[in-house]
Amino acid sequence: MDGLNKNQANKYSIIVPTYNERLNIGLIVYLIFKHLKDVDFEVIVVDDGSPDGTQDIVIQLQKVYGEDRILLRPRPKKLGLGTAYIHGMKHASGNFVVIMDADLSHHPKYLPRFISKQMETRADIVTGTRYVKGGGVHGWNLMRKLTSRGANVLAQTFLWPGVSDLTGSFRLYRKSVLEDIISCCVSKGYVFQMEMIVRASRKGYHIEEVPITFVDRVFGSSKLGGSEIVEYLKGLAYLLVTT
Amino acid sequence: MKHIVKIFSLVVAITALWIGLLQSSVIPRSHTWLLPVYFVVSLGCYGLLMVGVGLMNFPTCPQEALLLQKDIVEAKEYLKQRGVDVSSS
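Residues numbered from 1 in each chain as written. Chains lettered and ligands numbered in written order. Predicted model: local features only at pLDDT ≥ 70, side-chain atom pairs only at ≥ 80, totals over all residues. Heavy atoms only, no water.

For chain A, the name recorded in an unreviewed UniProt entry is Dolichol-phosphate mannosyltransferase subunit 1, with Arachis hypogaea as its organism. The record in UniProt for chain A states the following under Subcellular location (unreviewed entry): "Endoplasmic reticulum". Check the Function (unreviewed entry) section of the UniProt entry for chain A; it says "Transfers mannose from GDP-mannose to dolichol monophosphate to form dolichol phosphate mannose (Dol-P-Man) which is the mannosyl donor in pathways leading to N-glycosylation, glycosyl phosphatidylinositol membrane anchoring, and O-mannosylation of proteins." (UniProt positions renumbered as here; feature names shortened; annotations may be inferred.)

Below, the structure is given as structure tokens:
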């Protein structure tokens, strides 16, 4: 069947930025291979000079899974997420790019769902959302949930982004689309993730969502102090005016 | 068109409507002057309501933490057998 052949020509480059993920990188690679058995993919580890020996583990993984399936493309030090994606893409041979975190908050078992959603809808971007039925979060206290929900309502009211989870970073992009958007994004941190998806929405790219569950591995860390909230509001204002 | 332009146009349209209501006397003047206040307050209330509703219905997944632990054990076993160091230090 023509459609089937076309789909089999797809290759997925999974970019995993790492910093001190010595244990998690092995786990996540195992899970990716477990859940993507009949898929043509490669894992690109962009390690920012982890002092804990993450890269040594990746080399061991390459012996198990093959150097053609696991690419180690390190950088000398922490240089930011956006540039990590750009660096990863330079070495990506797939026509689709998946970005995900290395700490197992993003579970590889959702990868087949991302892929099939894209194939069904021919979407340019498939983004994971934690905030709809079928998705969810574990490990957040009430305060964290409150700020997340408040931030989301603000963003929905003022930005009309077209997606339910703006700060999520578990996404599948058509490679050409990612290259296009990333070149115009300048923010850092989670505002960067927001900027990417909002710019994509403004440019008219077809975006679909898949519910995902998110297990926060860093229990009890309330990373949301006053300064985080200020950063968020500044980011929101920036996006409001420039997108 | 930039998003801010869309929002601005919306504000202009609403303002024009408000001025129109002021000019004609469809609604008593005293009420009309307060319309913007009513509008902002209801927007605020709606926002708070959305936050509250969302908070109540916040999807959680406690079982996922357990499943993840199982996956971790499985992964460690597999990797250890194949010579990958699975210690965390």
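How do you make sense of the nonpolar core when you look at a structure like this?
Most often, soluble globular proteins have nonpolar side chains that are buried together. All names here are of chain A. Counting residues in each nonpolar core, the largest one holds 45 residues, and the members touching the most others are Ile14, Ile25, Leu61 and Met100. Looking at this core, the element that brings in the most residues is helix H2 (residues 24-35), giving eight residues. Ala92, Val163, Ile182 and Cys185 belong to the second-largest nonpolar core, a separate cluster that totals 34 residues. (Core = buried A, V, L, I, M, F, W, Y, C linked by side-chain atoms within 4.5 Å. Buried < 20%, exposed > 50% of the residue type's maximum accessible area, 1.4 Å probe, protein only. Helix = DSSP H or I, 4+ residues; strand = E, 2+ residues; numbered from the N terminus.)

Sorry if this is basic, but what is going on with the pattern of salt bridges here?
It is possible for side chains of opposite charge to pair when their charged atoms get near one another. Residue and element names in this part refer to chain A. A complete count under the given rule lists twelve salt bridges over all chains for this structure. Note that Lys203 and Asp180 form a salt bridge whose closest N and O atoms lie 3.2 Å from each other. With a gap of 23 residues between them, Lys203 in the loop between helix H8 (189-202) and strand E8 (207-211) and Asp180 in helix H7 (residues 175-182) connect regions that are remote in the sequence. By relative accessible area, Lys203 is classed as partly exposed at 42%. (Salt bridge = Lys/Arg side-chain N within 4 Å of Asp/Glu carboxyl O.)

What is the right way to look at the pairing of strand E2 (residues 41-47) of chain A in this model?
Put simply, side chains in a regular strand alternate between the two faces of the sheet. Residues and elements named next belong to chain A. Burial runs high along E2: seven of the seven residues are buried. Covered by surrounding structure in E2 are Phe41, Val43, Val45 and Asp47 together with Glu42, Ile44 and Val46, the residues of both alternating faces. As paired elements, strand E1 (residues 12-18) and E2 share seven bridges and run parallel to each other. Across the sheet, residue Tyr12 finds its bridge partner in E2, namely Phe41. What joins E1 to E2 is H2, and the crossover it makes is right-handed. (Pairing = 2+ DSSP bridges. Right-handed = clockwise from strand over helix to strand, strands pointing away.)

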